[in-house]
Amino acid sequence: WVSTENCHFEGLLGGVWYDRGGFCQFTENTAKDTFIVFEISELSMFSYFLDNEADSCGTLIKAVVSPSGGVSNGIMIKRCKSYNAYKEDIYITENQAVFIESCEFIGGSGGKAAVYFENHIDSGVDNCIISSKPGSARAGVMYANLAFGSITGNKITDCSNAVSIHSRGVVTVTDNEFENNSGSDVLLRSCSEIYIARNKFKTAGSAIPVRGEKENSLITVTDNVFAHSSYD
């Protein structure tokens, strides 16, 4: 039942760290020049992040659980903002039920992706604005090995790949707008049961909006709009 509200973290290695926590909330906090603002370790459940803002930090929220440590459950991240991150804005592994909604992750330059998920169950990234610093080799949203996931209603621009999925789970990519990404808007590698629908692909140049590599199966691409690309 920890509640952290209206605090400011600056010039720190970490702002808040906890494990074995439950029903914790973090609202309207700010951070600057802090390596990790919020870090969750193992066996935590039901953590709520609302209206937090970070500027020029490494990672806003990091939740890393070793498989032997036990899976954490239930993370909601809503209306949070992270600008100019030099690592992943959000980095989450070995967790389940993680939902990110109405956030802004803008101008980041480091890490694998603005939002990175690995080895967990049931996640969603909805109605967010995501971009990278032009020329940065990082994705907008990256999924690696999960059971169920959704990427819906986002605007993702200026990334290497807007969405990168390396997973045998079920993932839906719907109602997004992708623009000016240097690689592919959706990159699929060893995927199955991926549904891509009602997206607007506006990437310019020679990038391929939807690209599949290495043993993909059961991929559905329907009702999308493609523009300004050499191949769709």
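Residues numbered from 1 in each chain as written. Predicted model: local features only at pLDDT ≥ 70, side-chain atom pairs only at ≥ 80, totals over all residues. Heavy atoms only, no water.

Structural notes on the overall build of the protein
Right, so step 1: In terms of regular secondary structure, the protein is built from zero helices and 28 strands.
Right, so step 2: Radius of gyration (C-alpha) of the protein: 17 Å, near the 17 Å computed for a compact globule of 232 residues.
Right, so step 3: Dimensions of the protein, computed from C-alpha atoms along their principal axes, come out at roughly 50 × 35 × 25 Å.
Right, so step 4: Counting the 232 residues in the protein, one finds 50% classified as buried. (Helix = DSSP H or I, 4+ residues; strand = E, 2+ residues; numbered from the N terminus. Rg over C-alpha atoms; globule rule 2.2 N^0.38 Å. Buried < 20%, exposed > 50% of the residue type's maximum accessible area, 1.4 Å probe, protein only.)

Some points on the sheet that holds strand β19 (residues 155-157)
Right, so step 1: The sheet built from ten strands is open, its strands ordered β2-β5-β8-β11-β14-β16-β19-β22-β25-β28 with parallel pairing. Lying at the two open borders of the sheet, with one neighbouring strand each, are β2 (8-10) and β28 (225-226).
Right, so step 2: Relative to strand β11 (residues 81-83), strand β8 (residues 53-55) is paired through three bridges, and the arrangement is parallel. Its bridge partner being in β11, Ala-54 is matched across the sheet by Ser-82. (Pairing = 2+ DSSP bridges.)

A short note on the pairing of strand β23 (residues 186-189)
Right, so step 1: By the bridge criterion, three bridges tie strand β20 (residues 163-166) to β23 in an arrangement that is parallel. Note that in β23 the partner of Ile-165 across the bridge is Leu-188.

Here's the deal with the side chain of Thr-34
Right, so step 1: Looking at the secondary structure, you find Thr-34 in the loop between β5 (30-32) and β6 (36-40).
Right, so step 2: By relative accessible area, Thr-34 is classed as buried at 0%.
Right, so step 3: When neighbours within four sequence positions are excluded, Thr-34 is seen to be in contact with Phe-9, Glu-10, Gly-11, Leu-12, Leu-13, Gly-14, Gly-15, Ser-56, Cys-57, Gly-58 and Tyr-86. (Contact = heavy atoms within 4.5 Å.)

Brief notes about the side chain of Ser-82
Right, so step 1: Among the structural elements, Ser-82 can be located in strand β11.
Right, so step 2: The exposure class of Ser-82 is buried, given its relative accessible area of 2%.
Right, so step 3: Apart from the residues within four sequence positions on either side, Ser-82 is in contact with Ala-54, Leu-60, Asp-89, Glu-104, Phe-105 and Ile-106.

A few points about the state of the cysteines
Right, so step 1: Within this structure, the stated rule accounts for zero disulfides.
Right, so step 2: Lacking any disulfide linkage, Cys-57 is separated from the closest cysteine sulfur, that of Cys-80, by 12 Å.
Right, so step 3: For Cys-57, a relative accessible area of 3% puts it in the buried group.
Right, so step 4: The cysteine Cys-159 is free of any disulfide, with Cys-128 supplying the nearest cysteine sulfur at 12 Å.
Right, so step 5: Here Cys-159 falls in the buried class, since its relative accessible area comes to 1%. (Disulfide = S-S within 2.5 Å.)

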